[in-house]
Amino acid sequence: MHTLRAAAPADYDAIAAVVDDWWGRPVLAALPRLFLDHFHRTSLIAQGPGRGMAGFLVGFPSPSLPGEAYIHFVGVAPEARASGLGRTMYERFFDLARGEGCHVVRAITAPVNTASIAFHRRMGFTADGPVPGYHGPGTAMMTFTRKL
């Protein structure tokens, strides 16, 4: 069983230590420390049965688009995958977003991340894309939208 808690800025080092291994490629550059410094209140840490970190979700209400929230980065330890932890973290974030007055949640992923695309669709997101140039010239992304 996993327990969820609000993230804290101090959690960054633990996330940074595992995220590239969990992803199987270098992705830490997409999650600078500023996200935990400034958005920890609406981000989550999942503690595993052995008290180690089993997952995390970094998300926040949009400061520019009232009523919208954004999930920036999610990671689940390989041994915790297919346990429902990703779904649990998303559902908790949806509750947090509703509490902040949000009625829409957005997310993105690379078009090659078919597991993420399938997961978002199962979670009730609509997928658009690939959106050419979303991350600059030559970098298309899939975008996701879910009404709360």
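Conventions adopted
The numbers attached to residues start from 1 for each chain and follow its sequence in the written order. Since the coordinates come from a predicted model, pLDDT governs what is reported: local features require at least 70, and pairs of side-chain atoms require 80 or more to be given and counted, while whole-chain, interface and lining totals use all residues. Side-chain descriptors were evaluated using all non-hydrogen atoms of the structure, hydrogens and water having been removed beforehand. For the purposes of this entry, the term helix denotes a DSSP run of H or I that reaches at least four residues, the term strand denotes a run of E that reaches at least two, and both are numbered from the N terminus. We compute the radius of gyration from the C-alpha atoms alone; for a globule the expected value is 2.2 Å times N to the 0.38, where N is the number of residues. Residue exposure (1.4 Å probe, protein chains only): buried if accessible area is under 20% of the type maximum, exposed if over 50%, otherwise partly exposed. Axis definition: a line fit to C-alpha positions, over the contact stretch in the case of helices; interaxial angles, taken between N-to-C directions, run 0 to 180 degrees. Just so you know how the angles are binned, under 35 degrees is roughly parallel, over 145 roughly antiparallel, 65 to 115 roughly perpendicular, and the rest oblique. Left-handed describes a crossing in which the near helix is turned anticlockwise from the far one by less than a right angle; the clockwise case is right-handed. Here a residue-residue contact requires only that any non-hydrogen atoms of the pair lie within 4.5 Å. All residues other than Ala, Val, Leu, Ile, Met, Phe, Trp, Tyr, Cys, Pro, Asp, Glu, Lys and Arg, Gly among them, are scored as polar; the first ten of these are nonpolar and the last four charged. Note that the arc is defined by the directions from the helix axis to the C-beta atoms.

(A) Molecular detail of the overall build of the protein chain. Along the backbone of the protein chain there are 4 helices and 7 strands. Taking 148 residues into account, the globule formula puts the C-alpha radius of gyration at 15 Å, and the protein chain, at 15 Å, falls close to it. Taken along its principal axes, the extent of the C-alpha atoms in the protein chain is 40 × 35 × 30 Å. Counting only residues that meet the buried cut, the protein chain has 42% of its 148 residues in that class.

(B) Seen up close, the packing of helix α3 (residues 85-99) against helix α4 (residues 114-122). Between α3 and α4, the least distance of the axes is 11 Å, while the angle of their chain directions is 55°. Judged by the inter-axis angle, α3 sits oblique to α4. Two packed elements cross with a definite hand, and for α3 against α4 that hand is right-handed. Where α3 approaches α4, its residues G86, R87 and Y90 are matched on the opposing element by F119, H120 and R122. Taken together, the residues that form the contact of α3 with α4 break down as 2 nonpolar, 2 polar and 2 charged.

(C) Inspection of α4 at higher detail. Of the positions making up α4, those classed as buried are S116, I117, F119 and H120. All buried residues of α4 lie within an arc of 165° about the axis, which places them on one face of the element. In α4, the exposed positions that point more than 90 degrees away from the buried face belong to T114, A115 and R122. On its buried face, α4 is in contact with α3, β5 (104-109) and β7 (141-147).

(D) Seen up close, the environment of V131. You can see V131 is positioned in strand β6 (residues 126-131). Given the relative accessible area of 26%, V131 is considered partly exposed. Once the C-alpha coordinates of V131 and A110 are considered, the two residues, 21 residues apart in sequence, prove to be 9.8 Å apart. With sequence-adjacent residues up to four places away left out, V131 is seen in contact with T139, A140, M141 and T143.

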